[in-house]
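Overview (structure and organization)
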Amino acid sequence: MADAPVLPGKEQIVTQDVLLQAQYAQWRNVAAFSGVKDPTSIWAMMVRGESSSIPFYRELEDKDDDVSAALDELKLSVLERDWTILPGDKTQAALDAAAFAKQQLELIDVDSSFDAMLDACAYGFTVQEMMFDTSEGQASIVSVDDCPQELFLFGDRFRPQTGPLQLLSSVGASSGQLVPEEKFLVFSYRGRSRSRVGRPLLQRAFWPSWIKRQILAFWLRAGEKANGMAITRYEESADDSRINLALEIAEALAQGVAFAAPEGMVIDTDLLKAAQAGKTDVYKELFLQMQYSIARAIKGETLTSMGSEGGHGSHTQGKTHQQTFDKRSISLAKKHARVVNMQYLRRLHLWNYGPNVAAPVFAWDTAEEEDLVQKGTLYSIAQRIGVPIGAAWAADQLQIPPVGEGDVPLVPNANAPTEAAPASVFSEADKTKVQIDLKDLDKLAAQLREESLSLFATRTKEIAERLS
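It should be emphasised that the depicted structure is a prediction, and the values quoted were computed from it without experimental measurement. (Residues numbered from 1 in each chain as written. Predicted model: local features only at pLDDT ≥ 70, side-chain atom pairs only at ≥ 80, totals over all residues. Heavy atoms only, no water.)

One number sums up the size of the second largest pocket: a volume of about 580 Å³. Forming the walls of the second largest pocket are 33 residues, and the residues nearest its centre are Met-46, Arg-48, Gly-49, Val-197 and Gly-198. The set of elements that each furnish at least two residues to the lining of the second largest pocket consists of α2 (40–48), α3 (54–63), β4 (152–153) and α8 (201–224). When grouped by side-chain class, the residues that make up the lining of the second largest pocket number 15 nonpolar, nine polar and nine charged. (1 Å grid on protein atoms, 1.4 Å probe; cavity = no way out; pocket = protein on both sides within 12 Å on 5 of 7 lines; lining within 4 Å. Points joined across faces, edges and corners; volume = space filled by probe spheres on them. Helix = DSSP H or I, 4+ residues; strand = E, 2+ residues; numbered from the N terminus. Nonpolar A, V, L, I, M, F, W, Y, C, P; charged D, E, K, R; others polar.)

Below, the structure written as C-alpha coordinates:
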(Lines give C-alpha, C1' and ligand atoms only; values in the text may rest on other atoms or scores of the structure.)
Protein backbone atom coordinates (compact mmCIF):
# COMPACT_ATOMS: atom_id res chain seq x y z
CA MET A 1 0.00 0.00 0.00
CA ALA A 2 1.46 3.38 -1.03
CA ASP A 3 1.99 6.07 1.59
CA ALA A 4 0.17 9.41 1.54
CA PRO A 5 2.34 12.50 1.00
CA VAL A 6 3.45 14.73 3.87
CA LEU A 7 0.84 17.26 4.98
CA PRO A 8 1.34 20.85 3.76
CA GLY A 9 2.69 23.62 5.95
CA LYS A 10 0.13 25.91 7.56
CA GLU A 11 2.23 29.11 7.45
CA GLN A 12 1.28 31.78 4.95
CA ILE A 13 4.02 32.38 2.37
CA VAL A 14 2.64 35.43 0.51
CA THR A 15 2.37 37.66 3.56
CA GLN A 16 1.11 41.22 3.87
CA ASP A 17 4.68 42.53 3.61
CA VAL A 18 5.12 40.67 0.31
CA LEU A 19 1.83 42.05 -0.99
CA LEU A 20 3.02 45.54 -0.09
CA GLN A 21 5.89 45.18 -2.58
CA ALA A 22 3.40 44.54 -5.40
CA GLN A 23 1.25 47.46 -4.25
CA TYR A 24 4.20 49.86 -4.41
CA ALA A 25 5.00 48.66 -7.92
CA GLN A 26 1.40 49.22 -8.98
CA TRP A 27 1.44 52.77 -7.62
CA ARG A 28 4.61 53.51 -9.57
CA ASN A 29 2.94 52.35 -12.78
CA VAL A 30 -0.36 54.13 -12.20
CA ALA A 31 0.28 56.47 -15.14
CA ALA A 32 0.73 53.57 -17.58
CA PHE A 33 -0.74 54.77 -20.89
CA SER A 34 -1.11 58.40 -19.83
CA GLY A 35 0.77 60.66 -22.19
CA VAL A 36 2.34 57.78 -24.09
CA LYS A 37 2.13 58.51 -27.81
CA ASP A 38 4.19 55.50 -28.84
CA PRO A 39 3.55 52.50 -26.53
CA THR A 40 5.94 50.21 -28.44
CA SER A 41 8.06 49.72 -25.32
CA ILE A 42 4.99 48.53 -23.39
CA TRP A 43 4.11 46.16 -26.22
CA ALA A 44 7.66 44.78 -26.19
CA MET A 45 7.33 43.97 -22.46
CA MET A 46 4.07 42.13 -23.16
CA VAL A 47 5.60 40.12 -25.99
CA ARG A 48 8.52 39.13 -23.75
CA GLY A 49 6.05 38.04 -21.06
CA GLU A 50 7.65 40.26 -18.42
CA SER A 51 5.94 40.60 -15.06
CA SER A 52 6.25 44.40 -15.43
CA SER A 53 3.49 44.21 -18.07
CA ILE A 54 0.90 42.98 -15.52
CA PRO A 55 0.04 46.49 -14.20
CA PHE A 56 -0.52 47.65 -17.78
CA TYR A 57 -2.90 44.72 -18.33
CA ARG A 58 -4.79 45.73 -15.18
CA GLU A 59 -5.12 49.31 -16.37
CA LEU A 60 -6.24 48.10 -19.78
CA GLU A 61 -9.06 46.16 -18.13
CA ASP A 62 -9.97 49.01 -15.75
CA LYS A 63 -10.00 51.87 -18.28
CA ASP A 64 -11.52 50.23 -21.36
CA ASP A 65 -15.14 49.24 -20.80
CA ASP A 66 -15.21 47.18 -24.02
CA VAL A 67 -12.30 45.10 -22.72
CA SER A 68 -13.74 44.62 -19.24
CA ALA A 69 -17.22 43.78 -20.59
CA ALA A 70 -15.83 41.16 -22.97
CA LEU A 71 -13.74 39.55 -20.21
CA ASP A 72 -16.70 39.54 -17.82
CA GLU A 73 -18.89 37.88 -20.43
CA LEU A 74 -16.31 35.16 -21.10
CA LYS A 75 -15.74 34.45 -17.40
CA LEU A 76 -19.44 34.52 -16.54
CA SER A 77 -20.16 32.06 -19.34
CA VAL A 78 -18.14 29.59 -17.23
CA LEU A 79 -19.13 30.68 -13.72
CA GLU A 80 -22.85 30.51 -14.51
CA ARG A 81 -22.59 26.83 -15.43
CA ASP A 82 -23.47 24.11 -12.97
CA TRP A 83 -20.60 22.04 -11.59
CA THR A 84 -20.48 18.66 -9.91
CA ILE A 85 -18.02 16.35 -8.18
CA LEU A 86 -18.24 12.70 -9.25
CA PRO A 87 -16.77 9.77 -7.30
CA GLY A 88 -13.80 7.97 -8.84
CA ASP A 89 -15.62 4.62 -8.67
CA LYS A 90 -18.61 3.04 -6.90
CA THR A 91 -16.79 1.93 -3.73
CA GLN A 92 -17.89 3.42 -0.43
CA ALA A 93 -14.44 4.94 0.11
CA ALA A 94 -14.63 6.75 -3.24
CA LEU A 95 -18.14 8.00 -2.44
CA ASP A 96 -16.92 9.33 0.92
CA ALA A 97 -13.95 11.01 -0.78
CA ALA A 98 -16.26 12.75 -3.27
CA ALA A 99 -18.52 13.98 -0.45
CA PHE A 100 -15.47 15.30 1.42
CA ALA A 101 -14.20 17.12 -1.68
CA LYS A 102 -17.56 18.81 -2.21
CA GLN A 103 -17.64 19.82 1.46
CA GLN A 104 -14.17 21.36 1.15
CA LEU A 105 -15.23 23.51 -1.80
CA GLU A 106 -18.28 24.66 0.12
CA LEU A 107 -16.10 25.77 3.07
CA ILE A 108 -14.52 28.55 1.00
CA ASP A 109 -15.88 31.38 -1.13
CA VAL A 110 -15.65 29.16 -4.19
CA ASP A 111 -17.24 31.70 -6.55
CA SER A 112 -14.62 34.34 -5.73
CA SER A 113 -11.82 31.78 -5.95
CA PHE A 114 -12.98 30.52 -9.35
CA ASP A 115 -13.54 34.08 -10.60
CA ALA A 116 -9.96 35.07 -9.69
CA MET A 117 -8.58 31.84 -11.15
CA LEU A 118 -10.32 32.48 -14.48
CA ASP A 119 -8.34 35.73 -14.80
CA ALA A 120 -5.70 33.45 -16.31
CA CYS A 121 -7.34 33.86 -19.71
CA ALA A 122 -6.87 37.63 -19.46
CA TYR A 123 -3.42 37.79 -17.84
CA GLY A 124 -1.85 34.53 -19.00
CA PHE A 125 -1.67 32.91 -15.57
CA THR A 126 -2.96 33.23 -12.01
CA VAL A 127 -1.53 32.16 -8.68
CA GLN A 128 -3.53 31.45 -5.52
CA GLU A 129 -2.20 30.34 -2.16
CA MET A 130 -4.13 27.68 -0.23
CA MET A 131 -4.26 27.82 3.55
CA PHE A 132 -4.87 24.54 5.41
CA ASP A 133 -5.80 23.35 8.87
CA THR A 134 -3.71 20.27 9.72
CA SER A 135 -4.36 20.22 13.47
CA GLU A 136 -6.35 16.96 13.32
CA GLY A 137 -3.69 15.08 11.38
CA GLN A 138 -5.53 15.68 8.08
CA ALA A 139 -5.63 18.62 5.68
CA SER A 140 -8.74 20.77 5.61
CA ILE A 141 -9.00 23.91 3.50
CA VAL A 142 -9.27 27.24 5.32
CA SER A 143 -9.03 29.77 2.48
CA VAL A 144 -7.78 30.26 -1.08
CA ASP A 145 -6.07 33.65 -1.42
CA ASP A 146 -5.41 35.30 -4.78
CA CYS A 147 -1.86 36.62 -5.34
CA PRO A 148 -0.46 39.30 -7.70
CA GLN A 149 1.14 37.70 -10.77
CA GLU A 150 4.10 40.10 -10.80
CA LEU A 151 5.39 38.51 -7.58
CA PHE A 152 6.18 35.22 -9.32
CA LEU A 153 8.50 33.75 -11.93
CA PHE A 154 8.92 30.24 -13.32
CA GLY A 155 12.65 30.65 -13.92
CA ASP A 156 15.22 33.41 -13.69
CA ARG A 157 14.12 36.59 -15.42
CA PHE A 158 14.77 36.69 -19.19
CA ARG A 159 15.15 32.90 -19.11
CA PRO A 160 12.50 30.40 -20.35
CA GLN A 161 9.64 30.39 -17.85
CA THR A 162 9.28 26.62 -17.75
CA GLY A 163 10.46 25.76 -14.23
CA PRO A 164 9.04 25.58 -10.71
CA LEU A 165 7.27 28.49 -9.03
CA GLN A 166 9.48 31.25 -7.57
CA LEU A 167 8.36 33.99 -5.18
CA LEU A 168 10.17 37.31 -5.68
CA SER A 169 11.36 39.33 -2.72
CA SER A 170 10.60 42.48 -4.71
CA VAL A 171 8.86 43.19 -7.99
CA GLY A 172 11.45 43.31 -10.75
CA ALA A 173 13.97 41.02 -9.02
CA SER A 174 15.96 38.77 -11.36
CA SER A 175 15.19 35.59 -9.41
CA GLY A 176 13.20 34.46 -6.42
CA GLN A 177 12.84 31.79 -3.77
CA LEU A 178 11.36 28.41 -4.64
CA VAL A 179 8.07 27.78 -2.85
CA PRO A 180 6.23 24.49 -2.21
CA GLU A 181 3.82 24.27 -5.14
CA GLU A 182 1.47 21.96 -3.23
CA LYS A 183 0.30 25.12 -1.42
CA PHE A 184 -0.41 27.02 -4.65
CA LEU A 185 -2.93 26.82 -7.47
CA VAL A 186 -1.31 27.88 -10.75
CA PHE A 187 -3.54 28.24 -13.80
CA SER A 188 -1.56 28.80 -17.02
CA TYR A 189 -3.74 29.70 -20.00
CA ARG A 190 -2.69 28.25 -23.36
CA GLY A 191 1.02 28.18 -22.66
CA ARG A 192 3.27 27.70 -25.68
CA SER A 193 6.72 26.10 -25.84
CA ARG A 194 6.23 24.85 -22.26
CA SER A 195 6.03 28.42 -20.93
CA ARG A 196 3.98 28.67 -17.74
CA VAL A 197 3.18 32.38 -18.14
CA GLY A 198 0.58 31.53 -20.80
CA ARG A 199 -0.79 33.71 -23.58
CA PRO A 200 -2.96 36.55 -22.20
CA LEU A 201 -5.98 37.66 -24.21
CA LEU A 202 -5.34 41.21 -23.02
CA GLN A 203 -2.18 41.23 -25.12
CA ARG A 204 -4.28 40.67 -28.24
CA ALA A 205 -6.61 43.51 -27.21
CA PHE A 206 -3.76 45.96 -26.50
CA TRP A 207 -3.41 47.67 -29.88
CA PRO A 208 -7.15 47.93 -30.71
CA SER A 209 -7.72 49.44 -27.27
CA TRP A 210 -4.84 51.92 -27.65
CA ILE A 211 -6.01 53.03 -31.11
CA LYS A 212 -9.55 53.43 -29.78
CA ARG A 213 -8.24 55.69 -27.02
CA GLN A 214 -6.44 57.90 -29.52
CA ILE A 215 -9.65 58.24 -31.55
CA LEU A 216 -11.57 59.15 -28.39
CA ALA A 217 -8.96 61.78 -27.52
CA PHE A 218 -9.32 63.24 -31.02
CA TRP A 219 -13.09 63.37 -30.63
CA LEU A 220 -12.76 65.24 -27.36
CA ARG A 221 -10.43 67.77 -28.98
CA ALA A 222 -12.75 68.03 -31.97
CA GLY A 223 -15.66 68.64 -29.59
CA GLU A 224 -13.83 71.60 -28.11
CA LYS A 225 -13.47 73.02 -31.64
CA ALA A 226 -16.94 72.13 -32.83
CA ASN A 227 -17.60 75.74 -33.74
CA GLY A 228 -14.34 76.05 -35.62
CA MET A 229 -11.45 78.47 -35.11
CA ALA A 230 -11.56 82.23 -35.62
CA ILE A 231 -8.61 84.55 -36.29
CA THR A 232 -8.54 88.29 -35.60
CA ARG A 233 -5.64 90.35 -36.85
CA TYR A 234 -4.15 93.31 -34.98
CA GLU A 235 -1.53 95.88 -35.97
CA GLU A 236 2.14 95.14 -35.44
CA SER A 237 2.35 98.21 -33.21
CA ALA A 238 -0.57 97.03 -31.01
CA ASP A 239 -0.02 96.99 -27.26
CA ASP A 240 -1.03 94.20 -24.86
CA SER A 241 -4.53 95.53 -24.34
CA ARG A 242 -5.14 95.57 -28.10
CA ILE A 243 -3.84 92.00 -28.43
CA ASN A 244 -6.04 90.75 -25.57
CA LEU A 245 -9.06 92.47 -27.13
CA ALA A 246 -8.40 90.70 -30.43
CA LEU A 247 -8.21 87.34 -28.62
CA GLU A 248 -11.48 87.99 -26.77
CA ILE A 249 -13.21 88.85 -30.05
CA ALA A 250 -11.92 85.65 -31.68
CA GLU A 251 -13.18 83.55 -28.76
CA ALA A 252 -16.57 85.28 -28.89
CA LEU A 253 -16.77 84.63 -32.62
CA ALA A 254 -16.04 80.91 -32.20
CA GLN A 255 -18.18 80.31 -29.10
CA GLY A 256 -20.87 82.96 -29.00
CA VAL A 257 -23.74 84.07 -31.18
CA ALA A 258 -22.95 87.82 -31.14
CA PHE A 259 -19.88 90.00 -30.70
CA ALA A 260 -18.67 93.53 -31.28
CA ALA A 261 -15.34 94.49 -32.89
CA PRO A 262 -13.55 97.82 -33.33
CA GLU A 263 -13.69 99.40 -36.72
CA GLY A 264 -10.78 98.38 -38.90
CA MET A 265 -9.97 95.06 -37.15
CA VAL A 266 -9.54 92.23 -39.68
CA ILE A 267 -11.49 89.00 -38.94
CA ASP A 268 -10.80 85.72 -40.78
CA THR A 269 -13.82 83.29 -40.79
CA ASP A 270 -12.56 80.70 -43.28
CA LEU A 271 -11.64 78.23 -40.51
CA LEU A 272 -15.14 78.50 -39.09
CA LYS A 273 -16.65 77.43 -42.41
CA ALA A 274 -14.16 74.57 -42.78
CA ALA A 275 -14.99 73.20 -39.31
CA GLN A 276 -18.72 73.28 -39.98
CA ALA A 277 -18.27 71.37 -43.23
CA GLY A 278 -15.86 68.78 -41.77
CA LYS A 279 -16.94 65.13 -41.42
CA THR A 280 -15.87 62.76 -38.64
CA ASP A 281 -17.64 59.63 -39.90
CA VAL A 282 -14.33 58.01 -40.79
CA TYR A 283 -13.22 58.22 -37.15
CA LYS A 284 -16.53 56.81 -35.95
CA GLU A 285 -16.16 53.85 -38.30
CA LEU A 286 -12.58 53.25 -37.14
CA PHE A 287 -13.72 53.43 -33.51
CA LEU A 288 -16.36 50.76 -34.16
CA GLN A 289 -13.84 48.55 -35.93
CA MET A 290 -11.58 48.70 -32.87
CA GLN A 291 -14.52 47.70 -30.68
CA TYR A 292 -15.13 44.71 -32.99
CA SER A 293 -11.42 43.83 -32.84
CA ILE A 294 -11.49 43.80 -29.03
CA ALA A 295 -14.56 41.56 -28.97
CA ARG A 296 -12.97 39.14 -31.46
CA ALA A 297 -9.67 39.08 -29.53
CA ILE A 298 -11.29 38.15 -26.23
CA LYS A 299 -14.51 36.34 -27.10
CA GLY A 300 -13.79 35.12 -30.60
CA GLU A 301 -16.94 36.80 -31.94
CA THR A 302 -18.73 40.13 -32.31
CA LEU A 303 -22.27 39.70 -33.60
CA THR A 304 -23.86 38.22 -30.49
CA SER A 305 -23.00 41.17 -28.27
CA MET A 306 -22.64 44.15 -30.58
CA GLY A 307 -25.05 43.52 -33.42
CA SER A 308 -23.94 42.83 -36.96
CA GLU A 309 -20.75 44.57 -38.03
CA GLY A 310 -21.81 47.55 -40.11
CA GLY A 311 -25.42 46.38 -39.90
CA HIS A 312 -25.01 43.73 -42.57
CA GLY A 313 -24.77 40.55 -40.46
CA SER A 314 -27.02 37.58 -41.10
CA HIS A 315 -28.66 34.99 -38.87
CA THR A 316 -26.13 32.42 -40.10
CA GLN A 317 -23.20 34.71 -39.27
CA GLY A 318 -24.58 35.43 -35.82
CA LYS A 319 -25.04 31.72 -35.14
CA THR A 320 -21.48 31.00 -36.29
CA HIS A 321 -20.09 33.73 -34.02
CA GLN A 322 -22.12 32.41 -31.08
CA GLN A 323 -20.76 28.93 -31.69
CA THR A 324 -17.21 30.32 -31.68
CA PHE A 325 -17.82 32.00 -28.34
CA ASP A 326 -19.40 28.84 -26.92
CA LYS A 327 -16.38 26.79 -27.97
CA ARG A 328 -14.02 29.25 -26.27
CA SER A 329 -16.18 29.18 -23.14
CA ILE A 330 -16.24 25.37 -23.05
CA SER A 331 -12.50 25.21 -23.65
CA LEU A 332 -11.89 27.61 -20.75
CA ALA A 333 -14.21 25.58 -18.49
CA LYS A 334 -12.35 22.34 -19.28
CA LYS A 335 -8.94 23.94 -18.67
CA HIS A 336 -10.14 25.30 -15.34
CA ALA A 337 -11.61 21.93 -14.32
CA ARG A 338 -8.26 20.27 -14.97
CA VAL A 339 -6.52 22.73 -12.62
CA VAL A 340 -9.14 22.10 -9.91
CA ASN A 341 -8.76 18.33 -10.30
CA MET A 342 -4.97 18.09 -10.52
CA GLN A 343 -3.91 20.87 -8.12
CA TYR A 344 -6.75 21.18 -5.65
CA LEU A 345 -8.84 18.04 -5.27
CA ARG A 346 -6.03 15.57 -5.96
CA ARG A 347 -3.79 17.07 -3.27
CA LEU A 348 -6.57 17.14 -0.70
CA HIS A 349 -7.49 13.59 -1.63
CA LEU A 350 -3.95 12.23 -1.27
CA TRP A 351 -3.46 13.95 2.10
CA ASN A 352 -6.74 12.63 3.49
CA TYR A 353 -7.46 9.34 1.69
CA GLY A 354 -4.14 8.32 0.19
CA PRO A 355 -3.34 7.01 -3.29
CA ASN A 356 -5.27 3.73 -2.95
CA VAL A 357 -8.74 5.30 -3.06
CA ALA A 358 -10.07 6.51 -6.40
CA ALA A 359 -9.92 10.33 -6.51
CA PRO A 360 -13.09 12.38 -7.14
CA VAL A 361 -13.51 14.36 -10.35
CA PHE A 362 -14.68 17.97 -10.66
CA ALA A 363 -16.55 18.84 -13.88
CA TRP A 364 -18.42 21.82 -15.32
CA ASP A 365 -21.65 21.20 -17.20
CA THR A 366 -20.45 21.96 -20.74
CA ALA A 367 -23.54 20.63 -22.55
CA GLU A 368 -25.58 23.20 -24.42
CA GLU A 369 -29.37 22.86 -24.42
CA GLU A 370 -29.52 23.35 -28.18
CA ASP A 371 -26.88 20.65 -28.72
CA LEU A 372 -28.87 18.09 -26.70
CA VAL A 373 -32.10 18.91 -28.54
CA GLN A 374 -30.39 18.63 -31.91
CA LYS A 375 -28.74 15.34 -30.91
CA GLY A 376 -32.09 13.91 -29.82
CA THR A 377 -33.63 14.97 -33.13
CA LEU A 378 -30.81 13.39 -35.14
CA TYR A 379 -31.04 10.11 -33.19
CA SER A 380 -34.80 10.02 -33.81
CA ILE A 381 -34.20 10.53 -37.54
CA ALA A 382 -31.53 7.83 -37.57
CA GLN A 383 -33.94 5.35 -36.01
CA ARG A 384 -36.59 6.17 -38.59
CA ILE A 385 -34.31 5.16 -41.46
CA GLY A 386 -33.20 2.02 -39.69
CA VAL A 387 -29.76 3.03 -38.30
CA PRO A 388 -29.09 0.94 -35.15
CA ILE A 389 -28.16 2.99 -32.07
CA GLY A 390 -26.75 1.57 -28.83
CA ALA A 391 -28.85 2.51 -25.78
CA ALA A 392 -25.86 3.03 -23.48
CA TRP A 393 -24.07 5.20 -26.04
CA ALA A 394 -27.17 7.33 -26.70
CA ALA A 395 -27.76 7.82 -22.98
CA ASP A 396 -24.17 8.94 -22.57
CA GLN A 397 -24.39 11.36 -25.49
CA LEU A 398 -27.62 12.87 -24.12
CA GLN A 399 -26.15 12.92 -20.60
CA ILE A 400 -28.85 10.69 -19.17
CA PRO A 401 -27.52 8.80 -16.10
CA PRO A 402 -28.23 5.06 -15.78
CA VAL A 403 -31.21 3.93 -13.73
CA GLY A 404 -30.07 3.43 -10.14
CA GLU A 405 -31.16 0.90 -7.56
CA GLY A 406 -34.70 1.52 -6.33
CA ASP A 407 -35.41 3.78 -9.29
CA VAL A 408 -38.07 3.04 -11.90
CA PRO A 409 -37.33 3.61 -15.61
CA LEU A 410 -39.81 5.69 -17.55
CA VAL A 411 -41.90 3.76 -20.07
CA PRO A 412 -42.43 5.43 -23.46
CA ASN A 413 -46.02 6.48 -24.14
CA ALA A 414 -46.74 6.14 -27.83
CA ASN A 415 -50.00 8.10 -27.47
CA ALA A 416 -48.41 11.08 -25.73
CA PRO A 417 -48.40 14.31 -27.78
CA THR A 418 -45.03 15.33 -29.18
CA GLU A 419 -43.67 18.43 -27.46
CA ALA A 420 -42.35 21.13 -29.73
CA ALA A 421 -38.86 22.45 -29.17
CA PRO A 422 -38.79 25.52 -26.88
CA ALA A 423 -38.91 28.85 -28.65
CA SER A 424 -35.63 29.80 -27.03
CA VAL A 425 -33.89 26.90 -28.76
CA PHE A 426 -35.09 27.18 -32.37
CA SER A 427 -36.27 30.17 -34.35
CA GLU A 428 -39.39 29.89 -36.51
CA ALA A 429 -37.19 29.49 -39.58
CA ASP A 430 -35.30 26.65 -37.87
CA LYS A 431 -38.55 24.89 -36.90
CA THR A 432 -39.88 25.10 -40.46
CA LYS A 433 -36.64 23.76 -41.87
CA VAL A 434 -36.63 20.82 -39.43
CA GLN A 435 -40.23 19.97 -40.30
CA ILE A 436 -39.41 20.01 -44.01
CA ASP A 437 -36.31 17.88 -43.43
CA LEU A 438 -38.33 15.32 -41.43
CA LYS A 439 -40.93 15.06 -44.20
CA ASP A 440 -38.21 14.62 -46.79
CA LEU A 441 -36.56 11.91 -44.70
CA ASP A 442 -39.90 10.11 -44.27
CA LYS A 443 -40.35 10.13 -48.03
CA LEU A 444 -36.79 8.92 -48.53
CA ALA A 445 -37.30 6.10 -46.00
CA ALA A 446 -40.51 5.01 -47.72
CA GLN A 447 -38.81 5.12 -51.11
CA LEU A 448 -35.89 3.05 -49.82
CA ARG A 449 -38.28 0.45 -48.41
CA GLU A 450 -40.16 0.14 -51.70
CA GLU A 451 -36.99 -0.06 -53.76
CA SER A 452 -35.39 -2.57 -51.38
CA LEU A 453 -38.45 -4.82 -51.52
CA SER A 454 -38.46 -4.69 -55.32
CA LEU A 455 -34.75 -5.47 -55.50
CA PHE A 456 -35.15 -8.23 -52.94
CA ALA A 457 -37.96 -9.85 -54.97
CA THR A 458 -35.94 -9.63 -58.19
CA ARG A 459 -32.84 -11.08 -56.56
CA THR A 460 -34.82 -13.90 -54.96
CA LYS A 461 -36.33 -14.83 -58.34
CA GLU A 462 -32.85 -14.90 -59.94
CA ILE A 463 -31.50 -17.21 -57.22
CA ALA A 464 -34.53 -19.53 -57.51
CA GLU A 465 -34.07 -19.79 -61.27
CA ARG A 466 -30.41 -20.72 -60.87
CA LEU A 467 -31.19 -23.41 -58.31
CA SER A 468 -33.99 -25.02 -60.41
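In this section: unusual backbone geometry. A positive phi angle, close to 55°, is found at Ser-193, a residue other than glycine. By secondary structure assignment, the location of Ser-193 is in the loop between β7 (184–188) and α8. Located in the positive-phi region is Arg-194, a residue other than glycine, with phi close to 70°. Mapped onto the secondary structure, Arg-194 falls in the loop between β7 and α8. Of the residues examined, Arg-194 reaches a relative accessible area of 74% and is grouped as exposed. (Buried < 20%, exposed > 50% of the residue type's maximum accessible area, 1.4 Å probe, protein only.)

Turning our eyes to something else, we now look at the sheet that holds strand β3 (residues 140–147). Within the open sheet, the three strands sit side by side as β3-β2-β7. Their pairing is antiparallel. At either margin of the open sheet sits one strand with a lone partner, and together these are β3 and β7. Taking the axes of each pair of neighbouring strands and ignoring which way they run, one obtains an average angle of 25° across the sheet. Relative to β3, strand β2 (residues 125–133) runs antiparallel, the two being bridged by seven bridges. Note that in β3 the partner of Met-131 across the bridge is Ser-143. Most of the contacts of helix α6 (residues 110–117) go to β2, to which it runs at about 150°, and overall it touches β2, β3 and β7. (Pairing = 2+ DSSP bridges. Axes fitted to C-alpha atoms, helices over the stretch in contact; angles between N-to-C directions. Contact = heavy atoms within 4.5 Å.)

When you tally the buried positions in β2, you get eight out of nine residues, the bulk of the element. In this structure, β2 lies alongside β7, joined through five bridges in antiparallel fashion. Considered in β7, the bridge of Gln-128 is made with Leu-185. Counting the residues that bridge the hairpin from β2 to β3 gives six residues, and of these Gly-137 lies at a positive phi of roughly 85°.

This part is about the packing of aromatic side chains. Any aromatic ring pair is given by two values, namely how distant the centres are and how the planes are angled relative to each other. Summed over all chains, the structure comprises 13 aromatic pairs. Between Phe-125 and Phe-154 the ring centres are 5.4 Å apart and the planes differ by 75°, which places this aromatic pair in the edge-to-face class. Of this pair, Phe-125 sits in strand β2 while Phe-154 sits in the loop between β4 and β5 (166–167), and the two are 29 residues apart along the sequence. Judged by its relative accessible area of 5%, Phe-125 is buried. Residue classification places Phe-154 among the buried positions, given a relative accessible area of 1%. A centroid spacing of 5.1 Å and a plane angle of 80° characterise the contact between Phe-132 and Trp-351, whose relative ring orientation is edge-to-face. Here Phe-132, found in strand β2, pairs with Trp-351, found in helix α13 (residues 315–353); they are 219 residues apart in sequence, far enough to count as distant. For Trp-351, a relative accessible area of 8% corresponds to the buried category. (Phe/Tyr/Trp six-rings, centres within 6.5 Å; stacked < 30°, edge-to-face > 60°.)

This part takes up the environment of Pro-55. Tracing the backbone shows Pro-55 in helix α3. A residue is classified by how much of its surface remains accessible, and Pro-55, at 9% relative accessible area, is buried. The spatial distance from the C-alpha of Pro-55 to the C-alpha of Ala-22 is 9.6 Å, given a sequence separation of 33 residues.

Summary statistics for the chain give a mean pLDDT of 79 and a share of 69% for residues scoring 70 or more. When mean pLDDT is taken per element in the chain, β7 scores highest with 97 and helix α12 (residues 303–306) scores lowest with 51. (pLDDT = per-residue confidence, 0-100.)

Bringing the pattern of salt bridges into the picture now. Tallying each qualifying case throughout the model produces eleven salt bridges. Among the charged side chains, a network of salt bridges with common partners joins Asp-64, Asp-65, Asp-66 and Lys-212. (Salt bridge = Lys/Arg side-chain N within 4 Å of Asp/Glu carboxyl O.)

Below, the discussion takes up the environment of Ile-330. Within the element layout of this structure, Ile-330 appears in helix α13. Judged by relative accessible area, which is 17%, Ile-330 ranks as buried.

Right, let's get into the nonpolar core. By size, the foremost hydrophobic cluster in this structure holds 51 residues, and its most contacted members are Phe-114, Leu-202, Ile-298, Leu-332, Tyr-344 and Phe-362. Residue contributions to this core peak at ten residues, all from α13. Ignoring anything within four residues of it in the chain, the contact list for Ile-298 reads Val-67, Ala-70, Leu-71, Leu-74, Leu-201, Ala-205 and Arg-328. In this structure, Phe-125, Val-127, Phe-152 and Phe-154 belong to the second largest nonpolar core, which totals 15 residues. (Core = buried A, V, L, I, M, F, W, Y, C linked by side-chain atoms within 4.5 Å.)

For α6, the full list of buried residues reads Val-110, Ser-113, Phe-114, Ala-116 and Met-117. In an axial view of α6, the angular spread of the buried residues amounts to 165°, which keeps them on one side of the axis. (Arc of directions from axis to C-beta.)

Here we take up the environment of Gln-138. Structurally, Gln-138 can be placed in the loop between β2 and β3. Here Gln-138 falls in the partly exposed class, since its relative accessible area comes to 42%. C-alpha separation for the pair Gln-138 and Trp-351, spaced 213 residues apart in sequence, amounts to 6.6 Å. Within the structure, the side chain of Gln-138 is placed 3.4 Å from the backbone oxygen of Asn-352, a separation counted as a polar contact. (Polar contact = N/O pair within 3.5 Å; in protein donor to acceptor, adjacent residues only side chain to side chain.)

With that out of the way, let us pick up the sheet that holds strand β6 (residues 177–178). Here we have three strands laid out as an open sheet, ordered β4-β5-β6, and antiparallel in their pairing. Because the sheet does not close on itself, it has two edges, and the strands there are β4 and β6. One ladder, built from two bridges, connects β5 with β6; its direction is antiparallel. Note on β6: the bridge partner recorded for Leu-167 is Gln-177.

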